[in-house]
Amino acid sequence: MRRSTTKPVVLPLACGLLAAAIPFVAIRAFGHRHVMPGMYVHFVGVGVSALVAAIASLTLTIVGARRNDGRTVIVGTAFSVMAALLAIHGLATPGVLVGMNGVISFTGGATLPVGAALLALSALPGLRRPKSVRPLLMLQVVLLVGVISLGALGMLFPSLVPAVPETGSREAVSALLFGFALFLLLAARALKTYLLTRRAADLVVAVGIAWLASALAPAMLLSFMELGWWFGHIFELLGIVIVAVPVALDVRRTAQSRPLVGDVSGCDLVQSEEAFLGSHVRALTLSLARKDEYTEEHTRRVALRAVQVGEELGLAGGRLRALATGALVHDIGKLSVPDHILQKPGPLTDEEFEIIKRHPEWGDKMLVDLGFEEDIRHLVRSHHERLDGSGYPHGTEGSLIPLDVRILAVCDVYDALISRRVYRDAWSHERAVKLLREECGTSFDAKCVTALERVLASELEPIAAAV
């Protein structure tokens, strides 16, 4: 019985869900209690939130501009606009610097929805490596000037800015639903990223987004005389910190921050295995490269195509991660194959081939000793099995071979066929695909072969267009 790839994430996800629920539970349980804190509490508290958002925005904007990373600049813009709105919101506190005014309602209602909208823009593909980040920096300046001008005019001329949205009004509910939908999208991106990367930082970002979302309802539906309204401000501050810190740490490590974008793919896992799959996987691929360079290059090519086929067939995040890991180490058992056989400059004898055929079991045993999960070991152990039972080492057949193993088998054979060896020339793409088609239903899964053809066609299209 195979162990599911979802099991290792059940506990972290449960902890993340509990952490995300804390503000919602607190606001629900105590939100309607009446309180009367002084206005200076609001003035100082919101000022701290604005300062935190400003520091985050400055850091992300500078780093993003230096690296020509438009997405990071947009995230910095989101925090800078939130910081400006929060600062104006705090300065407009009635009874501190100014009297009653509409700015405090407007900025309080706009901070989170506007911030969420700007954060959502970070997923635009063109922002990953734009020709220039100057237009994005100009956008940030324009937005900041607009917010500051609105705040200054509103405090100088209180009647200029209406006190909208009114608590519980149709406009307030609309802003609540709009902002919540955007935060839900951002949280889904972060969770999708976490399921692939299993990085705690990506789960933390999802929790931070939930805390920001939790502050929406109090801002739109409660008054400053209710405890939930103040809770909303607290969770807004904490949410900004929880989201900003992992993003800033990602950027500091010279990597793009991906959870807000949600664009991590199976290919990213393979190409950056140490960052996403762990140093233990990287150590194994390096060991394989030292043993036999061809085998390591082969496994990497197979892994890249396997995860592309897996995505084409709609594998869930956990299974795609296991497929990336298993494909990268599927030939690790060849570390135990004698060099004179593994690197023999000619066809193998029957006795030598029998030794080679033991590498799936040797790889499985090695991964057991290293503590790898059963689903990854199953890929290593079974990648030479065939649907008709003609494979090895166990002659497993039919429905007993899972989809991810079938994917790996097809990609493994395709790459082996089109690779040049010392004892034979490389096959053409057409010849290799023809063999796979001919053996659909006997050796290979037709659905996997068709998906591989689609992946290969997308790779060949740019080449054909260039020619």
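Residues numbered from 1 in each chain as written. Predicted model: local features only at pLDDT ≥ 70, side-chain atom pairs only at ≥ 80, totals over all residues. Heavy atoms only, no water.

S.K.: Please clarify how the overall build of the protein chain should be interpreted in this entry.
M.R.: For the protein chain, the helix and strand inventory stands at 21 helices and zero strands. By principal-axis analysis of the C-alpha atoms, the protein chain measures approximately 95 × 50 × 35 Å. Expressed as a percentage of the 467 residues in the protein chain, the buried residues total 50%. Restricting the contact set of the protein chain to residue pairs at least 6 apart, pairs at least 24 apart contribute 75%. Carbon and sulfur atoms provide 64% of the accessible area of the protein chain, an area that totals close to 21,600 Å². (Helix = DSSP H or I, 4+ residues; strand = E, 2+ residues; numbered from the N terminus. Buried < 20%, exposed > 50% of the residue type's maximum accessible area, 1.4 Å probe, protein only. Contact = heavy atoms within 4.5 Å. Areas by Shrake-Rupley, 256 points an atom, 1.4 Å probe, with all protein chains shown as cover.)

S.K.: Is there a simple way to think about the pattern of salt bridges in this case?
M.R.: Two side chains bearing opposite charge may form a pair once their charged atoms approach each other closely. Enumeration over the complete set of coordinates arrives at 24 salt bridges. A salt bridge links Arg199 to Asp250; the nearest nitrogen and oxygen atoms lie 3.0 Å apart. With Arg199 in the loop between helix H6 (170-197) and helix H7 (200-214) and Asp250 in helix H9 (residues 227-252), this pair connects stretches of sequence that are 51 residues apart. Residues Asp369 and Lys365 are paired through a salt bridge, measuring 3.6 Å at the closest nitrogen-oxygen approach. Note that Asp369 and Lys365 are positioned in helix H17 (residues 359-369) at a spacing of four residues, about one turn of the helix. Exposure class is identical for Asp369 and Lys365. Each is exposed. Here the salt bridges share partners, and the residues they tie into one network are Arg71, Arg258, Asp263 and Asp268. (Salt bridge = Lys/Arg side-chain N within 4 Å of Asp/Glu carboxyl O.)

S.K.: Looking at this model, I keep getting lost on the packing of helix H2 (residues 39-66) against helix H3 (residues 70-91). Mind explaining?
M.R.: Put simply, H2 and H3 touch, their axes get as near as 7 Å, and they point 160 degrees apart. Taken together, the axis directions place H2 and H3 in an arrangement best described as roughly antiparallel. You can see that H2 and H3 cross each other, and the crossing is left-handed. Of the residues belonging to the contact of H2 with H3, the class tally is 15 nonpolar, eleven polar and no charged. (Axes fitted to C-alpha atoms, helices over the stretch in contact; angles between N-to-C directions. Parallel < 35°, antiparallel > 145°, perpendicular 65-115°, else oblique. Left-handed = near helix turned anticlockwise from the far one by under 90°. Nonpolar A, V, L, I, M, F, W, Y, C, P; charged D, E, K, R; others polar.)

S.K.: Looking at this structure, how should I read the side chain of Ser419?
M.R.: With respect to the helices, strands and loops of the structure, Ser419 is situated in the loop between helix H19 (403-418) and helix H20 (429-438). Here the side chain of Ser419 touches Arg301 through a polar contact of 3.2 Å, side chain to side chain. (Polar contact = N/O pair within 3.5 Å; in protein donor to acceptor, adjacent residues only side chain to side chain.)

S.K.: Quick question: what am I supposed to make of the nonpolar core here?
M.R.: A general trend in soluble globular proteins is that nonpolar side chains are found buried together. With 52 residues, the main nonpolar core has Val329, Leu367, Ile407, Leu436 and Leu452 as its most contacted residues. Here this core gets nine residues from one element, more than from any other, and that element is H19. With residues up to four places along the chain from it excluded, the contact list for Val329 reads Val281, Leu284, Leu367, Ile376 and Val380. The next biggest cluster of nonpolar side chains, apart from the first, holds 51 residues, and it includes Ala50, Val63, Val81 and Met220. (Core = buried A, V, L, I, M, F, W, Y, C linked by side-chain atoms within 4.5 Å.)

S.K.: I'm lost on the layout of surface pockets in this one. Help?
M.R.: Gaps left between atoms are located by rolling a probe of water-molecule size over the structure's atoms. Roughly 940 Å³ of volume is contained in the largest pocket. Taken together, 34 residues make up the lining of the largest pocket; nearest its centre are Lys334, Phe353, Ala416, Arg421 and Tyr423. Elements represented by at least two residues in the lining of the largest pocket include exactly helix H13 (293-312), helix H15 (339-342), helix H16 (350-356) and H19. The element contributing the most residues to the lining of the largest pocket is H19, with four residues. In this structure, the second largest pocket encloses a volume near 520 Å³. Taken together, 30 residues make up the lining of the second largest pocket; nearest its centre are His89, Ile104, Ser105, Thr167 and Trp229. (1 Å grid on protein atoms, 1.4 Å probe; cavity = no way out; pocket = protein on both sides within 12 Å on 5 of 7 lines; lining within 4 Å. Points joined across faces, edges and corners; volume = space filled by probe spheres on them.)

S.K.: Help me understand the state of the cysteines, please; the structure alone is not making it clear to me.
M.R.: Note: disulfide means a covalent bond formed between the sulfur atoms of two cysteine side chains. Under the counting rule described, the total for this entry stands at zero disulfides. Of all cysteine sulfurs in the structure, the one in Cys448 sits closest to Cys411, which takes part in no disulfide; the separation is 8.0 Å. (Disulfide = S-S within 2.5 Å.)

S.K.: Looking at this model, I keep getting lost on the packing of aromatic side chains. Mind explaining?
M.R.: Geometry of an aromatic ring pair is reported as the spacing of the ring centres plus the angle between the planes. For the structure shown, the criterion picks out five aromatic pairs. Between Trp229 and Trp230, the ring centres sit 5.1 Å apart and the planes meet at 80 degrees, which makes this aromatic pair edge-to-face. Across the pair, Trp230 and Trp229 agree in class, each one buried. Put simply, the rings of Trp211, Phe231 and Phe235 pair up and form one aromatic cluster. The lysine or arginine in question, Arg431, covers the ring of Trp427, its NZ or CZ lying 3.6 Å from the ring centre. (Phe/Tyr/Trp six-rings, centres within 6.5 Å; stacked < 30°, edge-to-face > 60°. Lys NZ or Arg CZ within 6 Å of the ring centre and 35° of its normal.)

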